[in-house]
Amino acid sequence: MARATSAESAERVDQLQGMILAGQANTACLTYARQTWGVSRSQGYRLLKKAWVQIKDDIDESGIDRQELLSWSIQTLMAAAGQAMQQKNPGAVVSCIRQLDHMTGTGYTSHRGHLRR
């Protein structure tokens, strides 16, 4: 297969960025890249990494106050956990709590010396 041009690579990164922002998992994005464009696994990861860098750069350029964003995210997750409890959905409650732990580093694994990646 012929090498992609710079424009094609940029378009691919944009597509992956859109998939990430739509909530697709990294593995789903990688599978899409490999099946759609016929790229190798390592090339798929390079494109995915560029998409994540592009997302970070977009956030940095927007001037969003990270403390404000974190506060809003915590409040939203707590509200979602409350709604999940009312709906008797323990899986969703655990997911919200796990995400809060990941964002704030205040959970059990944070105090036991476990690395979270």
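See the structure printed just above.
About the thresholds
- Residues numbered from 1 in each chain as written.
- Predicted model: local features only at pLDDT ≥ 70, side-chain atom pairs only at ≥ 80, totals over all residues.
- Heavy atoms only, no water.
- Helix = DSSP H or I, 4+ residues; strand = E, 2+ residues; numbered from the N terminus.
- Buried < 20%, exposed > 50% of the residue type's maximum accessible area, 1.4 Å probe, protein only.
- Contact = heavy atoms within 4.5 Å.
- Areas by Shrake-Rupley, 256 points an atom, 1.4 Å probe, with all protein chains shown as cover.
- 1 Å grid on protein atoms, 1.4 Å probe; cavity = no way out; pocket = protein on both sides within 12 Å on 5 of 7 lines; lining within 4 Å.
- Points joined across faces, edges and corners; volume = space filled by probe spheres on them.
- Nonpolar A, V, L, I, M, F, W, Y, C, P; charged D, E, K, R; others polar.
- Axes fitted to C-alpha atoms, helices over the stretch in contact; angles between N-to-C directions.
- Parallel < 35°, antiparallel > 145°, perpendicular 65-115°, else oblique.
- Left-handed = near helix turned anticlockwise from the far one by under 90°.

1. Side note on the overall build of the protein chain
(1) Moving on: Helix and strand content of the protein chain: 6 helices and 0 strands.
(2) Moving on: Along the protein chain, helices and strands appear, N-terminal first, in the series α-α-α-α-α-α.
(3) Moving on: Residues classed as buried in the protein chain amount to 21% of the 117 residues present.
(4) Moving on: Restricting to contacts in the protein chain with at least 6 residues of sequence separation, those with at least 24 account for 45%.
(5) Moving on: Element-wise, carbon and sulfur atoms account for 54% of the exposed surface of the protein chain, whose accessible area totals about 8800 Å².

2. Overview of the layout of surface pockets
(1) Moving on: Of the pockets and cavities examined, the largest pocket occupies roughly 300 Å³.
(2) Moving on: Around the largest pocket sit Ile 20, Leu 21, Gln 24, Trp 52, Ile 55, Lys 56, Ile 59, Arg 66 and Leu 69, which together line it.
(3) Moving on: No other element matches the 4 residues that helix H3 (residues 41-62) contributes to the lining of the largest pocket.
(4) Moving on: The residue inventory of the lining of the largest pocket, partitioned by class, reads 6 nonpolar, 1 polar and 2 charged.

3. Points about the packing of helix H1 (residues 6-21) against H3
(1) Moving on: At a closest axis distance of 8 Å, the pairing of H1 and H3 adopts a crossing angle of 70 degrees. Accordingly, the angle class assigned to the pair H1 and H3 is roughly perpendicular. As for how H1 packs across H3, the hand of that crossing is right-handed. Side by side, H1 and H3 meet where Ser 9, Arg 12, Val 13, Asp 14, Leu 16, Gln 17, Ile 20 and Leu 21 of the first sit next to Leu 47, Leu 48, Lys 50, Ala 51, Trp 52, Gln 54, Ile 55 and Asp 58 of the second.
(2) Moving on: Class assignment for the residues of the contact of H1 with H3 results in 9 nonpolar, 3 polar and 4 charged.

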